[in-house]
Each structure stands twice: as structure tokens, then as C-alpha cells.
Amino acid sequence: YIDIFESFAGQAAACKVRTEKGLKYRDPEEVQTEGIAELLKGLTLRKEDMTHDVFISYSRKDSNTVLDIYEALETKGISCWIDKAGISGGKQWKEVIDNAISVAKVVLFFSSEESNKSTNVLKEINLAADMNKSIIPIKLDDTPFRNRYDLSIYQHIEYQDIDQVLKEITTSLSYYIEVR
């Protein structure tokens, strides 16, 4: 941690300039110290920097199953966005999620007892619906959908095992994106 604090101290010192009347502070944007602009820019992930086709909405309590599917889709060349890989420390997560949904062509909603209790998952699905995104529900269990947006109108995929669900997800995604 000392290296980090020393780095910031050096950056702060670069903002001070001597004048005849003592020290004056410059606007940090004027400081051309290498690295500080990149550090500040990295606090928010902009829409323009995102290139995924699929947004994955799920409960963290279902991580084991969902992360296996995410990794398998990525291996097949399907670009996915998931919070565990898409939000690093210091990011403004609400803005990042909004941007990630707006960039995606398709939202995979992993429905389960846990995800249907999640306020954040509910917000993600409603946001995706408001943006007219294609939503593909994948039912991990028999819990009914808890969502203001009526997901029962969508053909859903029932999870039986990973091979079956990957085949069905890949087939469904091929209607919206190029799948190899």
C-alpha cells in the first residue's frame, strides 16, 4: 500500500507550482503526469469501450452454475458480459450495468428462487425490457418469475444439464447474433 500512497503523493505534488507569492495549486487536468489520466479514466467503463453481445443477469448465489455456462459460451466465441468479470474495484457499478445492458443484443436471465428474490436482478430485467432488449429466460429451478415485466410471454429454456442448456442457449442466440 505504501507504493500506492507514494504514487498519489507524487501526483498531488505535481499539481503544486511555485509562484512569487507562495504555492498555487493547478487543476489536476492540467497535470500531464503519466498514468494519472488513465487511473481517473478507468473509474467508469464507458459504453463505447464495451463490445459484448450478451448480458448475463443472475443471482450471485447461483454463481457456480452460471459461471460454468458463461465460460463455455465465451469458449464458443460468444462475447458475454457478466458482473464478476465486468466490474472491477472502484467502478460505479450502476452505470456500468446500465451501459452493459444497452450495448448487449440479448439478455440471458437465469431464473431461480434466488434470482427472483433479487432486487438488482429485477431492476436489470426491467431495464432490459425498457430498452427493448431480447430476453431469454433460463429456468434453473421451478420458481415462478417474480417480475413486473411479464416474462411468461417468452419461450424459456429449462436447465437439465450443462450440455443441454448450452445447446439450447447457442441455438436461441443464433437468431440474434452470429454464433460459430
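Provided above is the structure to which this section pertains.
Residues numbered from 1 in each chain as written. Predicted model: local features only at pLDDT ≥ 70, side-chain atom pairs only at ≥ 80, totals over all residues. Heavy atoms only, no water.

Colleague: Go over the nonpolar core with me, naming the residues and quoting the values.
Modeller: With 23 residues, the main nonpolar core has Ile56, Leu73, Leu108, Phe110, Ile138, Ile169 and Leu173 as its most contacted residues. If you list the elements that add at least two residues to this core, you get strand 3 (54-57), helix 3 (63-75), strand 5 (106-111), strand 6 (134-139) and helix 7 (162-173). If you tally residues by element for this core, the top one is helix 3, at five residues. Among all residues touching isoleucine 138, those that are not within four sequence positions of it are Leu108, Phe109, Phe110, Ser111, Ile157, Val165 and Ile169. One finds Met50, Val121, Ile125 and Ile135 within the second-largest nonpolar core, a separate group that totals 15 residues. (Core = buried A, V, L, I, M, F, W, Y, C linked by side-chain atoms within 4.5 Å. Buried < 20%, exposed > 50% of the residue type's maximum accessible area, 1.4 Å probe, protein only. Helix = DSSP H or I, 4+ residues; strand = E, 2+ residues; numbered from the N terminus. Contact = heavy atoms within 4.5 Å.)

Colleague: Report on the packing of helix 5 (residues 93-103) against helix 6 (residues 119-130), specifying residues and quantitative values.
Modeller: In the contact formed by helix 5 and helix 6, the axes pass within 10 Å of each other and the chain directions differ by 40°. Judged by the inter-axis angle, helix 5 sits oblique to helix 6. With respect to the hand of their crossing, helix 5 and helix 6 are arranged in right-handed fashion. Residue-level inspection shows Trp93, Ile97, Asp98 and Ile101 of helix 5 in contact with helix 6, the latter providing Asn120, Glu124, Leu127 and Ala128. In the contact of helix 5 with helix 6, the residues fall into five nonpolar, one polar and two charged. (Axes fitted to C-alpha atoms, helices over the stretch in contact; angles between N-to-C directions. Parallel < 35°, antiparallel > 145°, perpendicular 65-115°, else oblique. Left-handed = near helix turned anticlockwise from the far one by under 90°. Nonpolar A, V, L, I, M, F, W, Y, C, P; charged D, E, K, R; others polar.)

Colleague: Any details on the pattern of salt bridges? Residues and values, ideally.
Modeller: Per the counting criterion, the structure on display carries five salt bridges. A salt bridge links aspartate 83 to arginine 60, with the nearest nitrogen and oxygen atoms 3.0 Å apart. A residue pair is termed long-range when its members are at least 10 positions apart, and aspartate 83 in helix 4 (residues 83-86) and arginine 60 in the loop between strand 3 and helix 3 qualify at 23 residues. The partly exposed category is assigned to arginine 60, whose relative accessible area is 48%. Of the charged contacts in the structure, one is a salt bridge between lysine 61 and glutamate 114, with a shortest N-O distance of 3.7 Å. Taken together, the positions of lysine 61 in the loop between strand 3 and helix 3 and glutamate 114 in the loop between strand 5 and helix 6 put the pair 53 residues apart, joining distant regions of the chain. (Salt bridge = Lys/Arg side-chain N within 4 Å of Asp/Glu carboxyl O.)

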